[in-house]
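Structural overview
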Amino acid sequence: MSGIGWVDRPRAVVGYMTVERVRGDMIDLRSDTVTTPDEAMREAAAEAPVGDDVYGEDPTVNELEKRAAERVGMEAALYVPTGTMGNQIAAQVHTEPGEEVLADVESHVVKWELGGFAVHSGLQLRTVDADRGIPTPGEVADAHVEADLHRPGTGLCCLENTHNARGGLANGPDRIAAAAEVAHDRDVPVHLDGARLFNAAVALNRSAAELVAPVDSVMFCLSKGLGAPVGSMLAGSEEFIERARRSRKLFGGGMRQAGVIAGPGLRALENVAELSADHENAAALAEGLEGIEGVAVRPPETNIVLVDVEGTGSSAEDAVGALREAGVLASRFGETTIRLCTHRDVDRTDVETAVDRAVGALA
Ligand SMILES: *Cc1c(COP(=O)(O)O)cnc(C)c1O
């Protein structure tokens, strides 16, 4: 298989995040990753003191790592280029090759990271179809594999909050703690894919630290709803982050004067409270779309709205196409499911316009 074919195939199959020529008046609800840096972030980029971060000498990156660790109540944090790299590093550090990773079948690490756990770290997956995306204590116990002469053993339990594919569900600390406790009882570490951790925190009115207290490591994205142009954080114990720093180098993720992107990342950490506006806009979007004949909307808990268009008689692909024609960009998320995300680059007026356009496009 040629390298180029390998890259082309998923774009054709998934139809999600394919390159779009975005029209000026398009309302882009494909993802909260489409946010562009605001003035404050551009200023932060311009003014950031920098150094060589691989030598640990970039003061802005060091500050970001310190602040990020504090925000989630962990000992240390590491700046990584992407959320995917953060999850992949975490899995590599927590496990030995051949081990199993226990995860929800709809989780990002299972569906959308190109089998990276197998490719990079020699891991295999054991998936659970978990209610709200977090396995129950019983499910963790049942899926756990004890290492013996024949079996590799479970090396990691990976949770996700908010849960993207299940519609941005915000799971509370009790559910996470219950799963983590069973894993820990069996000496299995727990990693949280918290790409949208702060959306969960804001929606539940809990601190991010409270949500991650039961787990051993967490990744969260600065580049989604928080609005930074680049970057994610991986946090955990000092020892874990020391090993993660080596693993990041192995992944090719050691960056040099990264302060120019870490500066906007620091500003992004100040945007946490504003996520509630995205959640309110998602609720308004859901309410508006629900009025369309044949459209079934999952009531959103955060900034992600999943819409089933089966009742309109069209496929998700056709619905995405019709919406694009009408000036709204959405993502195909299944045969008849599409995803719309609110974010800081769309306001209530944009959402109302999007609903008006969708009424014409989907009805
Ligand atoms: C976006 C996302 C990631 C990966 O982040 P990237 O920065 O796009 O690599 C991981 N997990 C979840 C749940 C996500 O939504």
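A quick note: this is a predicted structure, and the numbers were derived from the prediction, not measured.

Digging into the overall build of the protein
From N to C terminus, the protein includes 15 helices and 13 strands. Computed over its C-alpha atoms, the radius of gyration of the protein comes to 20 Å, within 12% of the 21 Å expected for a compact globule of 363 residues. With the principal axes as the frame, the protein shows a C-alpha extent of 60 × 50 × 50 Å. Looking at the protein residue by residue over its 363 residues, the buried ones come to 51%.

Topic: the sheet that holds strand β6 (residues 190-193)
Sheet architecture is open: seven strands sit in the order β2-β8-β7-β6-β5-β3-β4, paired in mixed fashion. Each end of this open sheet is capped by a strand with a single partner; those strands are β2 (76-80) and β4 (124-128). The mean inter-strand angle of the sheet, taken between neighbouring strand axes irrespective of direction, is 20°. Sheet topology note: the β6/strand β7 (residues 217-221) ladder contains three bridges and is parallel. Across the sheet, the residue bridging to Leu 192 is Val 218, located in β7. Helix-sheet contacts for helix α11 (residues 238-250) involve β2, β7 and β8 (232-236), and the interaxial angle to β2 is about 20°.

Describing the nonpolar core
With 49 residues, the main nonpolar core has Val 72, Tyr 79, Leu 197, Phe 220 and Leu 222 as its most contacted residues. The next biggest cluster of nonpolar side chains, apart from the first, holds 26 residues, and it includes Ile 27, Ala 282, Val 309 and Ile 338.

As for the packing of helix α13 (residues 275-290) against helix α15 (residues 348-362)
For the pair α13 and α15, the least separation of the axes is 9 Å and the interaxial angle reads 20°. In terms of orientation, α13 lies roughly parallel with respect to α15. Crossing angle aside, the handedness with which α13 passes α15 is right-handed. The residues of α15 that touch α13, namely those facing Glu 280, Asn 281, Ala 284, Leu 285, Gly 288 and Leu 289, are Arg 348, Val 351, Val 355 and Ala 358.

What to know about the confidence of the model for the protein
Predicted confidence across the protein gives a mean pLDDT of 94, with 93% of residues reaching 70 or more. Low pLDDT, under 50, characterises residues 1-23; the stretch is placed with 26 contacts to residues that sit more than four places away or in other chains.

A closer look at helix α14 (residues 316-326)
Every buried residue belonging to α14 is among Ala 316, Ala 319, Val 320, Gly 321 and Leu 323, and all of these are buried. On the buried face of α14, the contacting elements are β11 (328-329), β12 (331-332), β13 (337-341) and α15. Just downstream of α14 lies Gly 327, where phi reads positive at about 100°.

Some points on the site of the ligand
The ligand sits among 14 residues. The nearest are Gly 83, Thr 84, Asp 193, Arg 196 and Lys 224. Within the contact set of the ligand, an oxygen atom lies 3.2 Å away from a side-chain nitrogen or oxygen of Asn 164. Asp 193 is positioned such that a nitrogen or oxygen atom in its side chain is 2.6 Å from a nitrogen atom of the ligand. The fraction of the free accessible surface of the ligand (370 Å²) that becomes covered by protein chains is 86%. Within the residue set of the shell around the ligand, elements represented by two or more residues are α4 (83-94) and β7. The greatest single-element share of the shell around the ligand, amounting to three residues, is contributed by α4. When grouped by side-chain class, the residues that make up the shell around the ligand number three nonpolar, six polar and five charged.

Topic: the pattern of salt bridges
Counted under the stated rule, the structure contains 17 salt bridges. One salt bridge in this structure joins Arg 30 and Asp 28, with 2.6 Å as the shortest N-O distance. With its nearest N and O atoms 2.9 Å apart, the salt bridge here joins Arg 206 to Glu 210. The exposure class of Arg 206 is partly exposed, given its relative accessible area of 36%. Each of the salt bridges in this network shares a partner with another, and the network as a whole consists of Asp 38, Glu 274 and Arg 344.

Thresholds applied
Residues numbered from 1 in each chain as written. Predicted model: local features only at pLDDT ≥ 70, side-chain atom pairs only at ≥ 80, totals over all residues. Heavy atoms only, no water. Helix = DSSP H or I, 4+ residues; strand = E, 2+ residues; numbered from the N terminus. Rg over C-alpha atoms; globule rule 2.2 N^0.38 Å. Buried < 20%, exposed > 50% of the residue type's maximum accessible area, 1.4 Å probe, protein only. Pairing = 2+ DSSP bridges. Axes fitted to C-alpha atoms, helices over the stretch in contact; angles between N-to-C directions. Contact = heavy atoms within 4.5 Å. Core = buried A, V, L, I, M, F, W, Y, C linked by side-chain atoms within 4.5 Å. Parallel < 35°, antiparallel > 145°, perpendicular 65-115°, else oblique. Left-handed = near helix turned anticlockwise from the far one by under 90°. pLDDT = per-residue confidence, 0-100. Near = heavy atom within 4 Å. Polar contact = N/O pair within 3.5 Å; in protein donor to acceptor, adjacent residues only side chain to side chain. Areas by Shrake-Rupley, 256 points an atom, 1.4 Å probe, with all protein chains shown as cover. Nonpolar A, V, L, I, M, F, W, Y, C, P; charged D, E, K, R; others polar. Salt bridge = Lys/Arg side-chain N within 4 Å of Asp/Glu carboxyl O.

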